[in-house]
Amino acid sequence: MSDPVLDPATFRFSDADRLADIDPVDTGPFASEDEAREVMEDEAKRLARRQLILEAHGTHGLLVLFQGMDASGKDEAIHHVMSVVDPTACSARAFSQMNEEEARHDYLWRAMRAVPARGKMAVFNRSYYEQVVAERVSPDLMDGQHLPDAIREAARDGSLWPQRYRQIRDVERYLVENGIHLVKLFLHVSNEEQRRRLIERTERPEKRWDFSRADVEKRDDWDAFQDAYGNALRATSTDAAPWYVLPADHKWFARAAAATIISDTLHRLHADFPEPDDELAETLAWARDELEAQGDDA
């Protein structure tokens, strides 16, 4: 019997898809958590090697975005999937409500400052997509951002969101055309599973310190968030920067899928380490001869 295989293409979200049609409980080809864990471990090994290949070439960068409702498993997925990569070549950034400096800039500014260099990776826990999801659901989050009246009015009448979708598509295409590629992962969790996980957070010392009333109060806006995410994903999933929607009620499945997609993307950028150019080949040959000679002298 062959091992289960995850095809990244099955998770791609298109402008014809609806979140409501994707089952958060789905586990794809896996019959058990153990099967998914084995795939996760194998893909993690490939991912670690392919990240080194990315760094060795130094011509492409990779930006990985994790989005999802509260308690969808973003933190854990980032920890499990990215713990295998070289920390000197991969940065991580979590995006929460804007601080004063960030609020005085355009909404993409803080994210663009954290875009990886060529040869590097960066992981975002949430991103500029908060500005077309959270702010669409709760426009009061835009208070204090020093925005022109026209933007505030556009948020109220709804014309702001198609404009921002276009801006996001444009900047993502710009990044890809300049060698910075994107993997955009939406962890799709059900309402009931989120409720269960939030209860669990209140009981776990390593989780409850960061708990707030807003975590529960936002559940009143569940449908609004689902609509906002669905609209954003449909409008910004492009050939250059597609969205992948990962069923996330089973964290082990979401992690295996995330590792597979990231690893596959790295492989499509570079299949193997670069061959040494003439100068490096000469240096390597010289070093080998010198080191072997030192052994003979000893």
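Preceding block: the structure.
What counts as what
Residues numbered from 1 in each chain as written. Predicted model: local features only at pLDDT ≥ 70, side-chain atom pairs only at ≥ 80, totals over all residues. Heavy atoms only, no water. Core = buried A, V, L, I, M, F, W, Y, C linked by side-chain atoms within 4.5 Å. Buried < 20%, exposed > 50% of the residue type's maximum accessible area, 1.4 Å probe, protein only. Helix = DSSP H or I, 4+ residues; strand = E, 2+ residues; numbered from the N terminus. Contact = heavy atoms within 4.5 Å. Pairing = 2+ DSSP bridges. Patch = residues over 30% accessible without salt bridge, like charges linked within 9 Å, V, L, I, M, F, W, Y side chains within 5 Å. Areas by Shrake-Rupley, 256 points an atom, 1.4 Å probe, with all protein chains shown as cover. Salt bridge = Lys/Arg side-chain N within 4 Å of Asp/Glu carboxyl O. Lys, Arg positive; Asp, Glu negative; His and termini not counted. Charge placed at Lys NZ, Arg CZ, Asp CG, Glu CD.

Bringing the nonpolar core into the picture now. Counting 44 residues, the largest nonpolar core has Phe124, Tyr128, Val132, Leu182 and Leu233 as the members making the most contacts within it. Of all the secondary structure elements, the ones that give two or more residues to this core are β2 (61-68), β4 (121-125), α5 (134-137), α6 (149-157), α7 (160-177), β5 (180-188), α11 (222-236) and β6 (243-247). Looking at which element gives the most residues to this core, the answer is α7, with seven residues. Beyond its immediate sequence surroundings of up to four residues, Tyr128 is in contact with Leu65, Tyr107, Leu108, Ala111, Met112, Ile168, Glu172 and Leu182. Judged by nonpolar contacts, the second largest core, of 36 residues, contains Met40, Leu47, Met82 and Val183.

This part takes up the pairing of β6. The element β6 is largely enclosed, with a buried count of five among its five residues. Of the two faces of β6, the one lined by Trp243, Val245 and Pro247 and the one lined by Tyr244 and Leu246 are each fully buried. With two bridges connecting them, strand β1 (residues 12-13) and β6 associate as antiparallel partners. Its bridge partner lying in β6, Arg12 is registered against Tyr244. Sheet topology places β5 next to β6; five bridges connect them, and they run parallel. Paired with Leu187 across the strands is Leu246, a residue of β6.

Once that is clear, we can look at unusual backbone geometry. Its identity is not glycine, yet Arg126 carries a phi of approximately 70°, on the positive side. Along the chain, Arg126 falls in the loop between β4 and α5.

What follows deals with the sheet that holds β4. The sheet built from six strands is open, its strands ordered β1-β6-β5-β2-β4-β3 with mixed pairing. Because the sheet does not close on itself, it has two edges, and the strands there are β1 and β3 (90-94). Where β3 and β4 come together, five bridges link them in parallel fashion. Bridging from a neighbouring strand, Cys90 pairs with Met121 of β4.

Turning next to the pairing of β4. Within a regular strand, side chains alternate between the sheet's two faces. The buried fraction of β4 amounts to five of the five residues, a majority that puts the element mostly inside the structure. Side chains Met121, Val123 and Asn125 of β4 all project onto a buried face; the interleaved residues Ala122 and Phe124 project onto the opposite face, where all are buried too.

In this section: a negative patch on the surface. On the surface, Asp277, Asp278, Glu279 and Glu282 cluster together into a patch of negative charge. Position of Glu279 relative to the elements: it lies in helix α13 (residues 278-297). Under the relative-accessibility criterion, Glu279 is labelled exposed at 62%.

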